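Notes for the structure review
Residues per chain, in single letters:
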Amino acid sequence: QQQVKQSPQSLIVQKGGISIINCAYENTAFDYFPWYQQFPGKGPALLIAIRPDVSEKKEGRFTISFNKSAKQFSLHIMDSQPGDSATYFCAAHGSSNTGKLIFGQGTTLQVKP
Amino acid sequence: NAGVMQNPRHLVRRRGQEARLRCSPMKGHSHVYWYRQLPEEGLKFMVYLQKENIIDESGMPKERFSAEFPKEGPSILRIQQVVRGDSAAYFCASSPISGRGTGELFFGEGSRLTVL
């Protein structure tokens, strides 16, 4: 119940295309769903986040779509650029009394020029 | 640099030795989290600490691993008698507040442990 499942494991997209990464969860008590971006040799950094009371959040080229009934959420990267090539992790806040995040397995995105 | 500082960035140990990884949270942050990242895997929660207290250690292996966050100084993740399976990147994150989904976690650049 504490798992977050992420797919695909890897993704190759042409420059200008749309990158889509999906995540699913089981625990309906999760109340915060961030996406983190990690470049090689660096630590993860918050990209965008959503709470379950909204169905979509957009920040620039990055959009989270959230389906509460299906317990799924996804990251869409519009007009993907080579600089977006990184590993992306979805996560969920998993406890009511700590800030602990449960992370998905990660998706390695490669955007080809 | 006001970010989360981790050291060493790279650490090589032989089997049976001890590894100590240090983490200084961002200024003003009193909540520290340690995560482990194995090759080709996601980030696995290990432990959550506040100053002088371990709040949640549900992800810590039962043996050889310990963590502390003293009143003064950095948080330390200690691995005794390391084995090859401990080779991984260990990330520290901090946040200013806790509670129900209220805070972003700010990550350091990680400490990469290699056990020979």
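The notes below deal with the structure included here. Note that the coordinates shown come from a computational prediction; the quantities given were computed from them, not determined experimentally.

Cut-offs applied
Residues numbered from 1 in each chain as written. Chains lettered and ligands numbered in written order. Predicted model: local features only at pLDDT ≥ 70, side-chain atom pairs only at ≥ 80, totals over all residues. Heavy atoms only, no water. Helix = DSSP H or I, 4+ residues; strand = E, 2+ residues; numbered from the N terminus. Rg over C-alpha atoms; globule rule 2.2 N^0.38 Å. Buried < 20%, exposed > 50% of the residue type's maximum accessible area, 1.4 Å probe, protein only. Contact = heavy atoms within 4.5 Å. Core = buried A, V, L, I, M, F, W, Y, C linked by side-chain atoms within 4.5 Å.

Points about the overall build of chain B
- A count of helical and extended segments in chain B gives zero helices and eleven strands.
- Counting helices and strands in the order they occur from the N terminus, chain B gives β-β-β-β-β-β-β-β-β-β-β.
- By the compact-globule yardstick of 13 Å for 116 residues, chain B fits well, its C-alpha radius of gyration being 13 Å.
- Principal-axis analysis of the C-alpha atoms gives chain B an extent of 40 × 30 × 30 Å.
- Looking at the 116 residues of chain B, the share that counts as buried comes to 45%.
- In chain B, the share of contacts with a sequence separation of at least 24, taken over all contacts with a separation of at least 6, comes to 52%.

Observations concerning the nonpolar core
- Formed by 25 residues in total, the largest nonpolar core has its most connected members in Val4, Phe33, Trp35, Phe73, Leu75 and Tyr88 of chain A.
- Mapped by element, the contributors of at least two residues to this core are strand 2 (10-14), strand 3 (19-25), strand 4 (33-38), strand 5 (45-50), strand 7 (62-67), strand 8 (72-77), strand 9 (86-93) and strand 11 (107-112) of chain A.
- At four residues, the largest contribution of residues to this core is made by strand 9 of chain A.
- Apart from the residues lying within four places of it in its own chain, the contact partners of Phe33 of chain A are Tyr25, Ile48, Ala49, Ile50, Pro52, Ile64, Phe66, Phe73, Ala91 and Ala92 of chain A.
- Within the second largest apolar cluster, 23 residues are counted, among which are Val4, Ala67, Phe69 and Cys92 of chain B.

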